[in-house]
Amino acid sequence: IILFISTIAAGPRATSVYGRTKYEAENLIVSRGGSALVSGLVEDAEPGSAYASFLRLAGGDTLRFRFVPDTYRFYPVSVEDFLRQISLFIDLEPGKHGAFRCFAPGGVPAAAYFRRLDPNPDAWRLPIPLPWRLIYLLARICPPIGPIRRIREKVLTFLYRDVERLDSLPALEPQETSHAR
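By convention here, each chain's residues receive numbers from 1 onward along its written sequence. Totals for whole chains, interfaces and linings use all residues, but because this is a predicted model, local features are given only for residues with pLDDT of at least 70 and pairs of side-chain atoms are given and counted only at 80 or more. Side-chain measures were taken over the full set of non-hydrogen atoms in the model, leaving aside hydrogen atoms and water.

Points about the pairing of strand β2 (residues 35–39)
Categorising residues by exposure relies on relative accessible area from a 1.4 Å probe, with only protein chains included: less than 20% of the type maximum marks a residue as buried, more than 50% marks it as exposed, and the intermediate range marks it as partly exposed. Working definition: helices are DSSP H or I runs of at least four residues, strands are E runs of at least two. Numbering for both runs from the N terminus. Taking burial as the measure, the five residues of β2 include five buried ones, the bulk of the element. Side chains Ser35, Leu37 and Ser39 of β2 all project onto a buried face; the interleaved residues Ala36 and Val38 project onto the opposite face, where all are buried too. We call two strands paired when DSSP finds no fewer than two bridges between them. By the bridge criterion, five bridges tie strand β1 (residues 3–7) to β2 in an arrangement that is parallel. If you follow threonine 7 over to β2, its bridge partner there is serine 39. Here is how to tell: hold the view so the strands point away, follow the path from the first strand over the helix to the second, and if it runs clockwise the crossover is right-handed. In this view, the connection linking β1 to its parallel neighbour β2 by way of helix α1 (residues 17–31) has right-handed handedness. Here β2 runs beside strand β7 (residues 99–101); their pairing, made up of three bridges, is parallel. Paired with leucine 37 across the strands is phenylalanine 100, a residue of β7.

Looking at a nonpolar patch on the surface
Like-charged residues within 9 Å of one another, or nonpolar side chains (Val, Leu, Ile, Met, Phe, Trp, Tyr) within 5 Å, are grouped into patches, provided each residue has over 30% relative accessible area and no salt bridge. Methods summary: accessible areas were calculated by the Shrake-Rupley approach with a probe of 1.4 Å, and residue burial reflects only the protein chains presented. For this analysis, a salt bridge means a side-chain nitrogen from Lys or Arg found within 4 Å of a carboxyl oxygen belonging to Asp or Glu. The grouping of Leu134, Leu137, Leu138 and Ile141 at the surface amounts to a nonpolar patch, some 400 Å² of accessible area in total. By the secondary structure assignment, leucine 137 is in helix α5 (residues 132–141).

Quick word on the packing of aromatic side chains
Aromatic rings from Phe, Tyr and Trp, taking only the six-membered ring of Trp, are treated as a pair when their centres fall within 6.5 Å; an angle between ring planes under 30 degrees marks them as stacked, one over 60 as edge-to-face, and anything in between as tilted. One pass over the full model with this rule turns up 14 aromatic pairs. On the numbers, 5.9 Å between centres and 40° between planes, the contact of phenylalanine 67 with phenylalanine 114 is tilted. Of the two residues, phenylalanine 67 is situated in strand β4 (residues 63–68) and phenylalanine 114 in helix α4 (residues 110–117); the sequence distance between them amounts to 47 residues. With respect to class, phenylalanine 67 is no different from phenylalanine 114; both count as buried. Ring plane angle 70° and centroid distance 5.8 Å describe the contact between phenylalanine 74 and phenylalanine 114, whose orientation is recorded as edge-to-face. One end of the pair, phenylalanine 74, is in strand β5 (residues 73–74); the other, phenylalanine 114, is in helix α4, with 40 residues separating them in the sequence. Note on accessibility: phenylalanine 74 and phenylalanine 114 belong to one class, buried. Following the ring pairs from residue to residue traces out a cluster consisting of Phe54, Phe67, Tyr72, Phe74, Tyr113, Phe114, Trp132 and Phe158.

Some remarks on the pattern of salt bridges
Taken as a whole and assessed by the stated rule, the structure comprises five salt bridges. Between glutamate 26 and arginine 165 there is a salt bridge, and its shortest N-O distance comes to 2.1 Å. Within this pair, whereas glutamate 26 is found in helix α1, its partner arginine 165 is found in helix α7 (residues 163–168), the two being separated by 139 residues in sequence. Side by side, glutamate 26 and arginine 165 carry an identical accessibility label, which is buried. For the salt bridge of glutamate 43 with arginine 116, the shortest nitrogen-to-oxygen distance reads 2.4 Å. Taken together, the residues span a long stretch of sequence, with glutamate 43 in strand β3 (residues 41–43) and arginine 116 in helix α4 at a distance of 73 residues. Residue classification places glutamate 43 among the buried positions, given a relative accessible area of 5%. Overall, the relative accessible area of 27% leaves arginine 116 in the partly exposed class.

What about the packing of helix α2 (residues 50–58) against α4?
Convention adopted: a line fitted to C-alpha atoms gives each axis, helices being fitted over their contacting stretch, and angles between N-to-C directions are expressed from 0 to 180 degrees. One can describe the packing of α2 onto α4 by two numbers: an axis separation of 8 Å at closest approach and a directional angle of 80°. Of the possible angle classes, the one that applies to α2 and α4 is roughly perpendicular. Listed contacts from α4 to Tyr51, Phe54, Leu55, Leu57 and Ala58 of α2 are Tyr113, Phe114 and Leu117. Under the grouping applied here, Gly and all other residues not named as nonpolar or charged are polar, the nonpolar ones being Ala, Val, Leu, Ile, Met, Phe, Trp, Tyr, Cys and Pro and the charged ones Asp, Glu, Lys and Arg. Counted by class, the contact of α2 with α4 contains eight nonpolar, no polar and no charged residues. Roughly parallel means an angle under 35 degrees; roughly antiparallel means over 145; roughly perpendicular covers 65 to 115; every other angle is labelled oblique. Residue contacts follow a heavy-atom distance rule, with two residues in contact if any of their heavy atoms lie within 4.5 Å.

Note that every value here comes from positions in space, so none of it alone points to a role or purpose.
Dropping the structure here:
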């Protein structure tokens, strides 16, 4: 059994080096009879994780960040679901291989996701819009030089989504369409 852990940042038109590399590796492994598990945002609150950063943003004292327009989607997966999906590969029937998703189809709109993470959603906070399409466009046209290179790569990796590809990936087991806790 060969299992490659891929990411929603991977895709044929990925704009980050990370996304393109993951996509190429995923295709190589699948073409040789292996499988790839395409993971969304693993909800692990360990310090330094992306999820921990979103928890801090959602529960901030004075500011409420929101993606505008609200078309940006998160593809969360709990640690438990992620590990369960990995364990399913052990029992995968012979000959069945390919790329599979371990997140609910369609994702979760950013506003709904941040509301879910907010420990005090009714508290008033100054709304700060994050124009994600503009941020993505600026990152794409920004030259990858000097200290900007690392930030640019992270923005391109985080904001890229090939929604058609993500929605077309099969799951190893049925998953909920809403990711509620």
